[in-house]
Amino acid sequence: MTFIVFRRLTTIAALVTFALPTCRLAAQSAQLSAKLPRETALEVTRLIDSARALSLPTDPLVGVALEGANRHASAERIVRAVRQYIGALHSARDVLGDGALDAEVVSGAGAVLAGVNTSVLRELRAARPKEPLTVPLVVLADLVARGVPLDTASRAVYVAARARARDADFTLLRRFIEQDISAGASPAAATSLRLRNVPGVTPEDLQTQLPVTVPRRPNP
Amino acid sequence: MSDPRGDPLARRAAEVLRREQTDERAIERVMAALRERANGDAPEDVDVDHVTPSVAEPAIPAAGRFSLTTWPALAAAAVIFAIGLGVGAAFLAPRETRAINADGATREAAPVSEAANAAGGQSQLVEFVLVAPRAARVSLVGEFNGWDASATPMRHAERGDGTWSVSVPLGAGRHVYAFVIDNSTWVPDPQAPLAPEQWYGERNSVVVVSGGPRS
């Protein structure tokens with residue numbers, strides 16, 4: 001009796017386990033077909049299938065396509081965005097490794113799209129090998145988007161990561177810099193100033209340079 | 001002896017005996033009751049169901065028959081699967097599971113009863129807040145609702161300070177979102193990190209829910 005019940009439970013659990021991804025794929029495909037012109041949906045689906053074959057996260061790609069549809073973007077632009085995103089996800093995954101969280105890969109892709117060099121991602125991974133990089137990467141991309149120069153933002157996040165700053169510390173750092181910028185401070189000065197207040201960051205840490213050279217160029 | 005077809009005890013006993021797989025002890029007890037009735041020892045209102053309490057449940061349902069016991073098994077499997085996902089996620093990602101927002105004052109995160117989402121991570125209830133005093137309607141759009149402006153309308157606070165809010169369960173990961181004011185104007189969350197990608201020319205915001213699957 002116990003064996004029969006166990007066998008039945010195992011069968012049902014296996015069916016559910018294999019059914020979930022299939023349902024998810026079907027749902028993604030249905031969403032795209034419902035919102036995009038047929039040809040565009042087919043092209044986007046093909047691109048997403050190729051991303052899936054590379055074990056890249058696909059939900060953000062579906063999201064980009066649907067965002068384009070709801071913002072009434074052209075088919076060409078939607079396909080270009082999906083293709084570009086796949087490239088960034090691929091770069092991030094290459095650097096962060098196969099064991100990276102999906103969220104880390106997506107955040108890393110965001111940083112790459114913001115103009116952050118992939119070598120910075122590699123150094124961040126080395127500086128914070130066991131803790132997820134999702135929040136530091138989101139903060140890095142946000143700082144760049146707010147006008148903090150790439151080298152300043154990259155170094156600040158690297159120094160904080162080396163000082164074992166927690167996710168909450170990165171969140172506060174971002175918020176304080178944002179407030180300073182809103183109050184009229186220069187983005188670079190606000191970042192340098194606020195980095196001093198991150199718990200664990202010593203005066204010596206503030207002298208730390210990134211092991212890689214980040215080009216001093218205007219943010220994209 | 002009266003006609004057995006008119007005797008309720010005999011009628012019920014016959015029904016019991018016709019059932020499949022009645023066990024021997026039950027048959028004996030029914031027959032004993034009938035004998036007592038025939039001898040005039042049993043009262044008229046003998047409760048046959050008490051006389052035959054042990055109608056045997058089939059230990060193994062007949063092949064090809066979808067027995068009632070399948071449903072508890074199905075439910076148990078679902079519960080075990082959900083618990084397994086939760087335990088697995090906790091084991092694989094032994095990190096704090098809370099939503100990390102740009103500003104804790106505006107978006108509190110709390111665990112929700114859903115043990116697992118489709119992605120296998122843990123869901124968190126994340127509150128989104130926007131102050132828009134002049135708006136007639138505000139909705140939340142993001143990857144989690146297919147960027148559909150009609151999917152997640154925000155609720156206007158009764159205190160009348162122009163605050164709009166909505167709580168949404170989000171799985172672990174990085175979620176991109178924006179607000180849509182009066183069905184026409186898309187704005188990022190002024191309190192949250194900006195998403196660097198500007199696929200269609202305008203900025204979105206990011207919220208991170210910790211944990212989640214590895215690639």
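An account of the accompanying structure is given in this report.

**Quick look at the overall build of chain A**
At step 1: Within chain A one finds 11 helices and zero strands.
At step 2: Written out in order from the N terminus, the α and β elements of chain A read α-α-α-α-α-α-α-α-α-α-α.
At step 3: Here chain A holds 220 residues, and the buried ones make up 49% of them.
At step 4: Within chain A, contacts between residues at least 6 apart in sequence are counted, and of these 70% link residues at least 24 apart.

**Overview of the pairing of strand E4 (residues 138-142) of chain B**
All names here are of chain B.
At step 1: A large share of E4 lies buried, amounting to five of its five residues.
At step 2: The alternating pattern of E4 places Val138, Leu140 and Gly142 and Ser139 and Val141 on opposite faces, both of which are buried.
At step 3: Two elements, E4 and strand E7 (residues 173-181), share five bridges in a ladder whose sense is antiparallel. Bridging across to E7, serine 139 finds its partner in valine 180.

**Considerations on the environment of A:Phe176**
At step 1: Relative to the elements of secondary structure, A:Phe176 occurs in helix H9 (residues 167-182).
At step 2: Along the sequence, A:Phe176 and A:Ala190 sit 14 residues apart, while their C-alpha atoms lie 8.2 Å from each other.

**Quick look at the nonpolar core**
At step 1: Counting residues in each nonpolar core, the largest one holds 77 residues, and the members touching the most others are A:Val44, A:Leu121 and A:Leu124.
At step 2: For this core, the element with the most residues is helix H4 (residues 75-96) of chain A, which contributes 11 residues.
At step 3: Counting the residues that make up this core, at least three belong to each of domain 1 (40-113) and domain 2 (117-220) of chain A.
At step 4: In this structure A:Val44 touches A:Leu32, A:Leu36, A:Ala65, A:Ile78, A:Val79 and A:Val82, once residues within four positions along its chain are discounted.
At step 5: Ranked by size, the runner-up nonpolar core spans 18 residues in total, among them B:Val138, B:Met154, B:Val166 and B:Phe179.

**As for the packing of aromatic side chains**
All names here are of chain B.
At step 1: Per the stated rule, a full pass over the model turns up five aromatic pairs over all chains.
At step 2: Seen in terms of ring centroids, tyrosine 177 and phenylalanine 179 are 5.9 Å apart; in terms of plane orientation they differ by 75°. Their pairing is edge-to-face.
At step 3: Tyrosine 177 gets classed as buried once you look at its relative accessible area, which sits at 0%.
At step 4: By the ring-pair criterion, three or more aromatic residues cluster together here, those being Phe128, Phe144, Tyr177 and Phe179.

**Some words on unusual backbone geometry**
At step 1: Even without being a glycine, A:His72 presents a positive backbone phi close to 60°.
At step 2: With respect to the helices, strands and loops of the structure, A:His72 is situated in the loop between helix H3 (59-70) and H4.
At step 3: In this structure, B:Trp147 is a non-glycine residue whose phi angle is positive, near 60°.
At step 4: By the secondary structure assignment, B:Trp147 is in the loop between E4 and strand E5 (155-156).
At step 5: In this structure B:Trp147 comes out as buried when scored by relative accessible area, which is 1%.

**Here we look at the pairing of E7(B)**
Residue and element names in this part refer to chain B.
At step 1: Across the nine residues that make up E7, a large majority, nine, are buried.
At step 2: Across five bridges, the pairing between E7 and strand E9 (residues 205-209) is antiparallel. When the bridges of E9 are listed, valine 176 appears paired with valine 206.
At step 3: Strand direction decides the pairing type here: E7 and strand E8 (residues 185-187), joined by three bridges, are antiparallel. Along E8, the bridge assignment pairs phenylalanine 179 with valine 187.

What counts and what doesn't
Residues numbered from 1 in each chain as written. Chains lettered and ligands numbered in written order. Predicted model: local features only at pLDDT ≥ 70, side-chain atom pairs only at ≥ 80, totals over all residues. Heavy atoms only, no water. Helix = DSSP H or I, 4+ residues; strand = E, 2+ residues; numbered from the N terminus. Buried < 20%, exposed > 50% of the residue type's maximum accessible area, 1.4 Å probe, protein only. Contact = heavy atoms within 4.5 Å. Pairing = 2+ DSSP bridges. Core = buried A, V, L, I, M, F, W, Y, C linked by side-chain atoms within 4.5 Å. Domains from an automatic or database assignment. Phe/Tyr/Trp six-rings, centres within 6.5 Å; stacked < 30°, edge-to-face > 60°.

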